Amino acid sequence: MDHDHMPGMATPPPPPSAAAGGMEHHSSMGMTHMTFFWGKNSEILFSGWPGTRTGMYVLALLFVFVLAVIVEWLAHCQWIKKRCGGEFSGGLMRTVVHGTRIGLAYIVMLAIMSFNGGVFIVAVAGHIFGFFLFGSRLCFNKYSDSHKDFPPPPAC
């Protein structure tokens, strides 16, 4: 019995072509990469942005870098504990800062999901630089008042 041509049975779709590598999805809206790629022609966060212009791509990379630094700043800022007098208002402010930090972190994650290698590198670099500035304690003087809020570094 020939099972390849049974009535009422649809043939399966053809496999992805070898030329496309099977790793990209083409749609009427554009192309979405499913693996990391290098190049300035990509879409990051918004449809059509940054487009094909080098200047806009650099601006997009700078935007992702700054967002990652802000996420680290919000994760390590200590000014709310000092400035908010009441327990309720301090808790409310910390909640707002936490929500803002999580929202910005998700935006950085969505930018990375463009699978552009440059975006990935600047996002990681932004987090590293932000942690260096705000979380590593290297940028604070040992004798300053702002250093007293941090616990001692763990022993290695």
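Provided above is the structure to which this section pertains.
As the structure is a prediction and not an experimental result, all values here were calculated from the model.

The rules behind the values
- Residues numbered from 1 in each chain as written.
- Predicted model: local features only at pLDDT ≥ 70, side-chain atom pairs only at ≥ 80, totals over all residues.
- Heavy atoms only, no water.
- Helix = DSSP H or I, 4+ residues; strand = E, 2+ residues; numbered from the N terminus.
- Buried < 20%, exposed > 50% of the residue type's maximum accessible area, 1.4 Å probe, protein only.
- Contact = heavy atoms within 4.5 Å.
- Areas by Shrake-Rupley, 256 points an atom, 1.4 Å probe, with all protein chains shown as cover.
- Core = buried A, V, L, I, M, F, W, Y, C linked by side-chain atoms within 4.5 Å.
- Phe/Tyr/Trp six-rings, centres within 6.5 Å; stacked < 30°, edge-to-face > 60°.
- Expected span 1.5 Å × (residues − 1).
- Axes fitted to C-alpha atoms, helices over the stretch in contact; angles between N-to-C directions.
- Left-handed = near helix turned anticlockwise from the far one by under 90°.
- Nonpolar A, V, L, I, M, F, W, Y, C, P; charged D, E, K, R; others polar.
- Parallel < 35°, antiparallel > 145°, perpendicular 65-115°, else oblique.
- Lys, Arg positive; Asp, Glu negative; His and termini not counted.
- Salt bridge = Lys/Arg side-chain N within 4 Å of Asp/Glu carboxyl O.

A. Focus on the overall build of the chain. Each helix and strand in the chain was counted, giving 4 helices and 4 strands. Counting helices and strands in the order they occur from the N terminus, the chain gives β-β-β-β-α-α-α-α. Split into buried and exposed, the 156 residues of the chain put 22% on the buried side. Taking as baseline every contact in the chain between residues at least 6 positions apart, the subset at least 24 positions apart corresponds to 53%. Only carbon and sulfur atoms are counted for the fraction: they give 69% of the accessible area of the chain, which is about 11,200 Å².

B. Focus on the nonpolar core. Core analysis: the largest hydrophobic core is formed by 17 residues, its most contacted members being I44, L61, V64, L104, A111 and V119. For this core, the elements supplying multiple residues, two or more each, are α1 (54-76), α3 (87-112) and α4 (117-134). Ranked by residue count, the leading element in this core is α1, at 7 residues. Apart from residues lying up to four places away in sequence, A111 is in contact with I44, L45, V64 and V119.

C. Seen up close, the packing of aromatic side chains. Overall, the coordinates contain 5 aromatic pairs when judged by the stated rule. Judged by centre distance (5.7 Å) and plane angle (70°), the rings of F36 and F115 are edge-to-face. Residue F36 is found in the loop between β2 (30-33) and β3 (42-43), and its partner F115 is found in the loop between α3 and α4; the two are separated by 79 residues along the sequence. One aromatic cluster is present, formed by F36, F115 and F120 through successive ring pairs.

D. Layout of α3. The end-to-end C-alpha distance of α3, which contains 26 residues, comes to 37 Å, matching closely the 38 Å that a straight helix rising 1.5 Å per residue would cover. Looking only at α3, the buried set comprises G90, V97, L104, V108 and A111.

E. Examining the packing of α1 against α4 more closely. Where α1 contacts α4, the axes come no closer than 7 Å and their chain directions differ by 35°. Judged by the sense of rotation from one axis to the other, the crossing of α1 with α4 is right-handed. Across from Y57, L61, V64, F65, A68, V69, V71, E72, W73 and H76 in α1, the residues of α4 making contact are G118, V119, V122, A123, A125, G126, H127, F129, G130, F131 and F134. Of the residues assigned to the contact of α1 with α4, the class counts are 15 nonpolar, 5 polar and 1 charged.

F. Molecular detail of the packing of α3 against α4. Relative orientation of the contacting elements α3 and α4 amounts to 150°, with a least axis distance of 9 Å. As summarised for this structure, α3 and α4 are arranged roughly antiparallel, according to the angle between their axes. As for how α3 packs across α4, the hand of that crossing is left-handed. For the pair α3 and α4, the contacting residues are V108, A111 and I112 in the first and V119, F120, A123 and H127 in the second. Here the residues of the contact of α3 with α4 are counted per class, giving 6 nonpolar, 1 polar and no charged.

G. Geometry of the side chain of E72. With respect to the helices and strands, E72 occurs in helix α1. Buried within the structure, E72 lacks any salt-bridge partner; R101 is the closest side chain of opposite charge, at an N-O distance of 7.2 Å. Each residue touching E72, except ones within four places of it in the same chain, is listed here: H127, G130, F131 and F134.

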